[in-house]
Amino acid sequence: MTTIAWDGKTLAADRRVSYGSISDAKTTKIVKTKRGLCGTAGNTSLGSAFKRWFAQGEKGDSPPLEKNGEAATAFIIRSSGIRLHYDMYGWHEVDPGSFAIGSGWELATGAMESGKSAVEAVQIAAKLDGYTSNEIDVLEF
């Protein structure tokens, strides 16, 4: 799966891809445009389609985040601070502040609640979650 963390300033995401078990495959799970930041966790193909939709201007409905029993989750953070969370059921606006998604979300959330940055939170998750790697992409507004 993955760990993506947002501390209110920095978005950090590991790069590991797993296909039922841990693998050495890698991908970028976060993207930045003039409108904001976007990240996805879960099924890589579904997440990639969502990131392309975001990068191309969010025209039309967002792509599905569930197909054939596979699922992904996604979010968009606007520069205004508005945060939208997407899953297989639709989307909703969530409260501002730090958050994390993916298999290491609880570890990352705990780390940020203890004062760690988003990057440090993903690094901590990588030590304890087998589906999170130490290779990390970082974005800021």
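Structure first, text after, so check above.
Residues numbered from 1 in each chain as written. Predicted model: local features only at pLDDT ≥ 70, side-chain atom pairs only at ≥ 80, totals over all residues. Heavy atoms only, no water.

A.B. asks: Quick question: what am I supposed to make of helix 2 (residues 105-113) here?
C.D. replies: What helix 2 keeps buried is the set Ala 108, Ala 111 and Met 112. In an axial view of helix 2, the angular spread of the buried residues amounts to 95 degrees, which keeps them on one side of the axis. Helix 2 presents Glu 106 and Glu 113 as exposed residues on the side facing more than 90 degrees away from its buried surface. Packed against the buried residues of helix 2 are strand 1 (3-6), strand 11 (99-102) and helix 3 (118-128). Directly beyond the C-terminal end of helix 2, a positive phi value near 100 degrees is found at Gly 115. (Buried < 20%, exposed > 50% of the residue type's maximum accessible area, 1.4 Å probe, protein only. Helix = DSSP H or I, 4+ residues; strand = E, 2+ residues; numbered from the N terminus. Arc of directions from axis to C-beta. Contact = heavy atoms within 4.5 Å.)

A.B. asks: I'm lost on the pairing of strand 10 (residues 90-94) in this one. Help?
C.D. replies: Consecutive side chains of a regular strand alternate in pointing toward one face of the sheet and then the other. Where strand 9 (residues 83-87) lies against strand 10, five bridges are found, and the strand directions are antiparallel. In the strand pairing of strand 10, His 85 is matched with His 92. Linkage of strand 9 to strand 10, two consecutive antiparallel strands, is achieved through a turn of two residues. (Pairing = 2+ DSSP bridges.)

A.B. asks: Is there a simple way to think about the packing of aromatic side chains in this case?
C.D. replies: Both the distance between ring centres and the angle between the ring planes are used here to describe each pair of aromatic rings. Tallied over the full model, the rule gives six aromatic pairs. Taking 4.9 Å as the distance between ring centres and 65 degrees as the angle between the ring planes, the aromatic pair formed by Phe 50 and Tyr 86 counts as edge-to-face. Note that Phe 50 is positioned in helix 1 (residues 44-55) and Tyr 86 in strand 9, a separation of 36 residues in sequence. The residues Phe 50 and Tyr 86 share a single accessibility class, namely buried. An angle of 70 degrees between the planes, with centres 6.1 Å apart, marks the rings of Trp 53 and Tyr 86 as edge-to-face. Of this pair, Trp 53 sits in helix 1 while Tyr 86 sits in strand 9, and the two are 33 residues apart along the sequence. Taken as a pair, Trp 53 and Tyr 86 share a single burial class, namely buried. (Phe/Tyr/Trp six-rings, centres within 6.5 Å; stacked < 30°, edge-to-face > 60°.)

A.B. asks: Can you help me understand the pairing of strand 11 in this one?
C.D. replies: Covered by surrounding structure in strand 11 are Phe 99 and Ile 101 together with Ala 100 and Gly 102, the residues of both alternating faces. Sheet topology note: the strand 1/strand 11 ladder contains four bridges and is antiparallel. Residue Thr 3 lies in a different strand from strand 11, and its bridge partner there is Gly 102.

A.B. asks: In this structure, what is going on with the sheet that holds strand 11? I would like to understand it.
C.D. replies: Where strands meet in a sheet, backbone hydrogen bonds hold them as pairs that are either parallel or antiparallel. Taken in spatial order, the four strands make up an open sheet running 11-1-2-12, and their pairing is antiparallel. For this open sheet the edge positions go to strand 11 and strand 12 (136-140), each flanked by a neighbour on one side alone. Averaged over all adjacent pairs, the angle separating strand axes in this sheet is 15 degrees, with direction ignored. Taken strand by strand, helix 2 contacts strand 1 and strand 11, and its axis lies near 165 degrees from that of strand 11. The strands touched by helix 3 within the sheet are strand 1, strand 2 (10-14) and strand 12, with strand 2 carrying the most contacts at an inclination of about 20 degrees. (Axes fitted to C-alpha atoms, helices over the stretch in contact; angles between N-to-C directions.)

A.B. asks: I keep staring at the side chain of Thr 10 and nothing clicks. Help me out?
C.D. replies: Along the chain, Thr 10 turns up in strand 2. With residues up to four places along the chain from it excluded, the contact list for Thr 10 reads Ala 5, Ala 118, Val 119, Val 138, Leu 139 and Glu 140.

A.B. asks: Just checking my understanding: could you explain the environment of Lys 51 for this structure?
C.D. replies: Examined against the element boundaries, Lys 51 turns out to sit in helix 1. A relative accessible area of 12% places Lys 51 in the buried class. Sequence-distant contacts of Lys 51, defined by excluding residues within four places in its chain, comprise Thr 28, Lys 29, Ile 30, Val 31, Cys 38 and Thr 40.

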